[in-house]
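Descriptive analysis of the structure
Spelled out, the chains give:
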Amino acid sequence: MSVTTLTAAPAKSLVLGGLAATAAASVATAVVAAVGSAAGISLEIGGKPIPVPGFAMLTAVFSVIGLALALVLARTVRRPRAVFVRTTVALTVLSLVPDVLADASASTKALLMLTHLVAAAIVIPAVARRLSA
C-alpha cells in the first residue's frame, strides 16, 4: 500500500479549511438550537437543559477530532478522501443513536439530530475536498 505524503502546503490548507468549517458548523448548530428553542422546542434531556453554547462547543470538539482523523488519513491511506467520507458519514449516523435513545421529547430528539446533520453537512465536504482523491 502506498502512503500519501502530506506536504506543508496541503496540510496547512487542510487545517485552515477544517478550522474554518469547524467555526461555521459551531455557529450553525448553535443557531439551529436557538431557533428551535425560540420555536418552543425544549432543549432538555432527562430534565436537564442543554445550553445553546453547548451545541457550539461540542460541535467544535468533534469537528476538531474529525480534522485530526483527516490529517492521519492523509498520511496513511492511499485514498484519504474516500476513507474520510465513508468513515465520517458512518460516524454521523452512529451519532444519531444517542439522540434517538435520549430521555427527551420527539421534537427535542429531532432537533438534536438536525444539529448533527447540519454540522456534518458543513464539515465533511469542507475537509474532504482538501484531501487527495
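Quantities reported herein were computed from a predicted structural model and do not represent experimental measurements.

Broken down by element type, the chain carries four helices and two strands. Listed N to C, the secondary structure of the chain is α-β-β-α-α-α in terms of helices and strands. Overall, the C-alpha framework of the chain stretches about 50 × 25 × 20 Å when taken along its three principal axes. Residue burial in the chain is summarised as follows: out of 133 residues, 36% are buried.

Our focus in this paragraph is the packing of helix H2 (residues 52–76) against helix H4 (residues 106–128). Packed helix pairs are characterised by how far apart their axes lie and by the angle those axes make with each other. Axis separation between H2 and H4 bottoms out at 11 Å; the angle between their running directions is 35 degrees. The crossing of H2 and H4 is right-handed. Contact with H2, carried on its side by Phe55, Thr59, Ser63 and Ala70, involves Leu112, Thr115, Ala119, Val123 and Val127 of H4 and no other residues of that element. Here the residues of the contact of H2 with H4 sort into six nonpolar, three polar and no charged.

This next bit is on the UniProt feature "transmembrane region" (unreviewed entry) in the chain. Taking the UniProt record as the reference, the feature "transmembrane region" (unreviewed entry) is found at residues 54–74, 81–98 and 110–128. Helix makes up 100% of residues 54–74 and strand 0%, with an end-to-end C-alpha separation of 30 Å.

Moving on, we get to the environment of Ala33. Looking at the secondary structure, you find Ala33 in helix H1 (residues 8–38). For Ala33, a relative accessible area of 0% translates into the label buried. Between the alpha carbons of Ala33 and Ser63 there is a distance of 17 Å; along the sequence they are 30 residues apart. Setting aside residues up to four positions removed in sequence, Ala33 forms contacts with Leu43, Val52, Phe55 and Leu111.

With that settled, consider the environment of Val100. Mapped onto the elements of the fold, Val100 is located in helix H3 (residues 80–101). Residue classification places Val100 among the partly exposed positions, given a relative accessible area of 44%. Residue contacts for Val100: discarding those within four places in its chain leaves Lys109 and Met113.

Turning to its location among the elements, His116 is positioned in helix H4. In this structure His116 comes out as partly exposed when scored by relative accessible area, which is 25%. In sequence terms His116 and Ala21 are 95 residues apart; their C-alpha atoms lie 14 Å from each other. With residues near it in sequence (within four places) discarded, His116 still touches Thr92, Ser95, Leu96 and Asp99. One polar contact links His116 to Asp99, side chain to side chain, over a distance of 3.2 Å.

Rules behind the numbers
Residues numbered from 1 in each chain as written. Predicted model: local features only at pLDDT ≥ 70, side-chain atom pairs only at ≥ 80, totals over all residues. Heavy atoms only, no water. Helix = DSSP H or I, 4+ residues; strand = E, 2+ residues; numbered from the N terminus. Buried < 20%, exposed > 50% of the residue type's maximum accessible area, 1.4 Å probe, protein only. Axes fitted to C-alpha atoms, helices over the stretch in contact; angles between N-to-C directions. Left-handed = near helix turned anticlockwise from the far one by under 90°. Contact = heavy atoms within 4.5 Å. Nonpolar A, V, L, I, M, F, W, Y, C, P; charged D, E, K, R; others polar. UniProt positions renumbered as here; feature names shortened; annotations may be inferred. Polar contact = N/O pair within 3.5 Å; in protein donor to acceptor, adjacent residues only side chain to side chain.

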